[in-house]
Amino acid sequence: MTRIESGSCFCGAITAAMHGEPFWICSDHDDDCRKAIGSPLTVWVGYRPAQFKLLTGTPKTFSKTRVLRTFCADCGTSMAYLDQGLPEELYLTIGFFDHPERFPPQAHAYWDMKLPWVEFRDDLPRVGTYSRQRDPAVGNPADRLAPKTPPMEPE
């Protein structure tokens, strides 16, 4: 029997079904995802785009780098991202799943960017940067077009 998982945003406007087994589940500590998600890290669940079926709603999209992020325009729930360097990989955020307990991570990615006060007692592999092989011809999302905004100075 094929595994079917469901996902939805906080307000319920967007729902989806994921068919089959995910190929990769990873705790991600990078600063882009931290900023986009609003959390010290997230767990991304990797499926092939063909395994994902949008059932209701239309996600809003945003891209600052070579990564297209989707979210609910009504409630703001982060849903997924597509990286141009990984065209056959769709990553859904753990918060979008209706049963996140079914997706234990297999590794930590961007361990080098982990916030120092976040601690883990697991023995999962700790990968310094990407945990997946990207297409080098596409470039690296970290090579942003605009520099990061410097911290605000106190008044």
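Residues numbered from 1 in each chain as written. Predicted model: local features only at pLDDT ≥ 70, side-chain atom pairs only at ≥ 80, totals over all residues. Heavy atoms only, no water.

Trainee: When you look at the overall build of the chain in this model, what are you seeing that I'm missing?
Mentor: When helices and strands are tallied, the chain shows 1 helix and 10 strands. Listing every helix and strand of the chain by position from the N terminus yields β-β-β-α-β-β-β-β-β-β-β. Residue burial in the chain is summarised as follows: out of 155 residues, 39% are buried. Sequence-distant contacts in the chain: of pairs separated by 6 or more residues, those separated by 24 or more amount to 60%. As presented, the chain carries roughly 9300 Å² of accessible surface, and 57% of it is formed by carbon and sulfur atoms. (Helix = DSSP H or I, 4+ residues; strand = E, 2+ residues; numbered from the N terminus. Buried < 20%, exposed > 50% of the residue type's maximum accessible area, 1.4 Å probe, protein only. Contact = heavy atoms within 4.5 Å. Areas by Shrake-Rupley, 256 points an atom, 1.4 Å probe, with all protein chains shown as cover.)

Trainee: Explain the sheet that holds strand 4 (residues 42-47) to me, please; I cannot follow it from the model alone.
Mentor: As a general point, the strands of a sheet are linked pairwise by backbone hydrogen bonds and lie either parallel or antiparallel. With mixed pairing, 7 strands are arranged side by side in an open sheet as 6-7-8-9-4-3-10. Strands with a single pairing partner mark the edges of an open sheet, and in this sheet they are strand 6 (60-62) and strand 10 (107-109). Going across the sheet, the axis of each strand differs from the next one's by a mean of 30°, ignoring polarity. Where strand 8 (residues 78-83) lies against strand 9 (residues 90-93), 3 bridges are found, and the strand directions are antiparallel. Directly across from Y81, in strand 9, lies its bridge partner Y91. (Pairing = 2+ DSSP bridges. Axes fitted to C-alpha atoms, helices over the stretch in contact; angles between N-to-C directions.)

Trainee: I keep staring at the pairing of strand 4 and nothing clicks. Help me out?
Mentor: It is a general feature of regular strands that their side chains alternate between the two faces of the sheet. Most of strand 4 sits inside the fold, with 6 of its 6 residues counted as buried. Burial along strand 4 is two-sided: the residues T42, W44 and G46 and V43, V45 and Y47 are all buried. Sheet topology places strand 4 next to strand 9; 4 bridges connect them, and they run antiparallel. Note on strand 9: the bridge partner recorded for Y47 is L90.

Trainee: Even after reading the chapter, I still don't get the sheet that holds strand 1 (residues 4-8), so can you show me in this structure?
Mentor: With respect to topology, 3 strands assemble into an open sheet ordered 1-2-5, the strand pairing being antiparallel. The open sheet is flanked by strand 1 and strand 5 (52-56), the only strands paired with a single partner. Between one strand and the next, the sheet's axes are offset by a mean angle of 25°, whatever the strand orientation. As defined by bridge partners, strand 2 (residues 15-19) adjoins strand 5 across 4 bridges and the pair is classed as antiparallel. Bridge pairing in strand 5 links A16 to L54.

Trainee: Explain the packing of aromatic side chains to me, please; I cannot follow it from the model alone.
Mentor: Between two aromatic rings, the relevant description is the distance of the centres plus the angle of the planes. With the rule as written, the count across this model stands at 6 aromatic pairs. Here the aromatic rings of F23 and Y91 are separated by 5.9 Å at their centres, their planes lie at 70°, and the arrangement is edge-to-face. One end of the pair, F23, is in the loop between strand 2 and strand 3 (24-28); the other, Y91, is in strand 9, and 68 residues separate them in sequence. Taking the centre distance of 4.6 Å and the plane angle of 85° together, the rings of W44 and Y81 count as edge-to-face. Linking W44 in strand 4 with Y81 in strand 8, this pair joins segments that are 37 residues apart in sequence. Given the relative accessible area of 3%, W44 is considered buried. An aromatic cluster is present here, built from F23, W44, Y81 and Y91 joined pairwise through their rings. (Phe/Tyr/Trp six-rings, centres within 6.5 Å; stacked < 30°, edge-to-face > 60°.)

So, to be careful, I would describe these as geometric facts and stop short of saying anything about function.
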